[in-house]
Amino acid sequence: MRLPIVLVAGGLSLLAGCQSFTQPEPATPTITTAPVVVEPQVTAPVEPEPIQITDVWQRIRLGLSLPVPDQKLVNQYRNWYLKHPQHLARVSERAEPFMYLIVEEIEKRNLPIELALLPIVESAFDPFAYSHGAASGLWQFTAPMAKHFGLEMNWWYDGRRDVPAATVAALDMMEYLYQKTHNNWLYAIAAYNTGEGRVLNAVKRNQAKGLATDFWALDLPRETERYVPQLLALADVIANADDYGISLYPIPNQPQLKVVDVGSQIDLALAADMAGMKLNELHSLNPGFNQWATAPEGPHRLVVPLEHAELFETKLAASDKDQRLKWQRYKIKSGDSLGLIAKRFNTTPSALRAVNDIKNNRIIAGKHLLIPVSSKDPAKYLLSAEQRLQKRQSGGSGYKLTYKVKSGDSLWLIAKQHKVSVAKLAKWNGMAPKDPLSIGQKLVIWQKGNGKAVTRTVNYTVRSGDSLAKIASKFNVSVNQLVKWNSLSTKKYLQPGQKLTLYVDVTKSRV
């Protein structure tokens, strides 16, 4: 019997339902995903701690850049500095007031910091240094170069010794020389010593011969060949001072000085009082001033320590410009001239003309002049040109005589006549051996005396009937000595009242 189709269909449905309990679960579909990339962790770079520069010497060490070669002269100078550590100790102390100022100016111009060491080589950091080549100041400018680079020089003021002004001029000169010598710093430094012409000519000579043209191969004056090695050796010693056991006087890496424009001529003693300083302390920071006051026509700048600047500026602002100098009213006498009056009062004719509104040198007897005079005894201004010269002239040994320069004289002739060296004669009188003399100029000459002698200076007034032979015999000296000591002429008779200076051994004198 055939089952109904509906039954069969239902049975199939039932079977299908039973099969659903045993049927395996369908396979999980495969899901494809991109690989996970782990980014490496980036650590921000650690900024190095900024170097705290507290000392100017440290600042210089970090800036040194010129190579120091293994050259014989460099090594010789390095050894010299290492054998004389007291020299750099003393010089670095002298540098203390000015080195920060110099380094600032060099870095502002982006010049080699080695140039800050040139004043050590040039002058041992003595602003009053005066060389055999008639160069003056920390940077040892000669007069022609000083004028060329804008420094003023007159009776009142010498810009070569004005440290801020001379530093600007020296670095101007260095930039000029660097450009002139084909941007070669060793050439430029050599040219500072001997002139760019000699350096460039030495380069041309080597080029013509097919020789090397680096500094070390050039044929230059002996002094210049040693000048550059000395600076490089010094730079090496400064760079490695701790390793070499060299002590340098610490210089704070911060401003120490302020340049104040005072606006008019001022007595240095008064300025020192205003600043609460000693006169010598102020003058030592302003060595460009030759006399007891700033120059009448300027510059009117004064360098003062930073800690004194506010007080100085306050008192300066409250002062009357007319009270910054002491004045003397002088009645012109018959026979007077501006030159004679100026000499008598330690000033200049141009200053007298400016103060008294005089257009020329004509003055009238009976009229009055206002004359600026120092507020203190001139001898108190120990760093004035006159006082420095007196100190130098008193520094010899034996006995001292004064020689008055005559027409035709030269240092060489005078030195030969008195049996001394030209170098010593020049040194005793604050001169360079090639400096010119002026008629009437007085020179000090030191003569050696007998070791057992007791030498005294005798000022003798010529009497009626005196002669050179008679006076010489009286004091047991020779006629030649009398002539030499007093710059006399044997062709002229002595005059009663005439003053003579004699250097007498009192153990032999008949007086």
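Let me sum up the structure you'll find in this document.

What counts and how
Residues numbered from 1 in each chain as written. Predicted model: local features only at pLDDT ≥ 70, side-chain atom pairs only at ≥ 80, totals over all residues. Heavy atoms only, no water. Helix = DSSP H or I, 4+ residues; strand = E, 2+ residues; numbered from the N terminus. Buried < 20%, exposed > 50% of the residue type's maximum accessible area, 1.4 Å probe, protein only. Contact = heavy atoms within 4.5 Å. Salt bridge = Lys/Arg side-chain N within 4 Å of Asp/Glu carboxyl O. Axes fitted to C-alpha atoms, helices over the stretch in contact; angles between N-to-C directions. Parallel < 35°, antiparallel > 145°, perpendicular 65-115°, else oblique. Left-handed = near helix turned anticlockwise from the far one by under 90°. Nonpolar A, V, L, I, M, F, W, Y, C, P; charged D, E, K, R; others polar.

Structural notes on the side chain of H87
Mapping H87 onto the fold places it in helix α4 (residues 85–94). Here H87 falls in the buried class, since its relative accessible area comes to 16%. Filtering out sequence-adjacent residues up to four positions away, H87 remains in contact with W80, Y81 and A124.

What to know about the environment of V56
Mapped onto the secondary structure, V56 falls in helix α2 (residues 56–63). Between the C-alpha atom of V56 and that of M99, which follows or precedes it by 43 residues, the distance is 7.4 Å. V56 has contacts with M99, Y100, V103, I251, P252 and N253, leaving out every residue within four places of it along the chain.

Notes on the pattern of salt bridges
Taken as a whole, this structure holds 13 salt bridges when the rule is applied. Two residues, E313 and K258, come together in a salt bridge whose shortest N-O distance is 3.2 Å. Of this pair, E313 sits in helix α15 (residues 306–318) while K258 sits in strand β1 (residues 257–261), and the two are 55 residues apart along the sequence. For E313, a relative accessible area of 30% puts it in the partly exposed group. Linked by salt bridges that have partners in common, E105, K108, R109, D172 and E175 make up one network.

Here's the deal with the packing of helix α5 (residues 99–108) against helix α8 (residues 163–180)
Running from amino to carboxyl end, α5 crosses α8 at an angle of 30°, the nearest separation of the two axes being 10 Å. Judged on the interaxial angle alone, α8 and α5 are roughly parallel. The crossing of α5 and α8 is right-handed. Residues L101, I102, E105 and I106 of α5 touch α8, and the partners they reach there are P164, T167, V168 and L171. Partitioning the contact of α5 with α8 into residue classes produces six nonpolar, one polar and one charged.

Some remarks on the environment of Q256
Positionally, Q256 belongs in the loop between α12 (241–244) and β1. Assessed through its relative accessible area of 18%, Q256 is described here as buried. Sequence-wise, Q256 and M99 are 157 residues apart; in three dimensions their C-alpha atoms are separated by 9.6 Å. Not counting residues within four places of it along the chain, the set of residues in contact with Q256 comprises E96, I251, V304, P305, L306 and E307.

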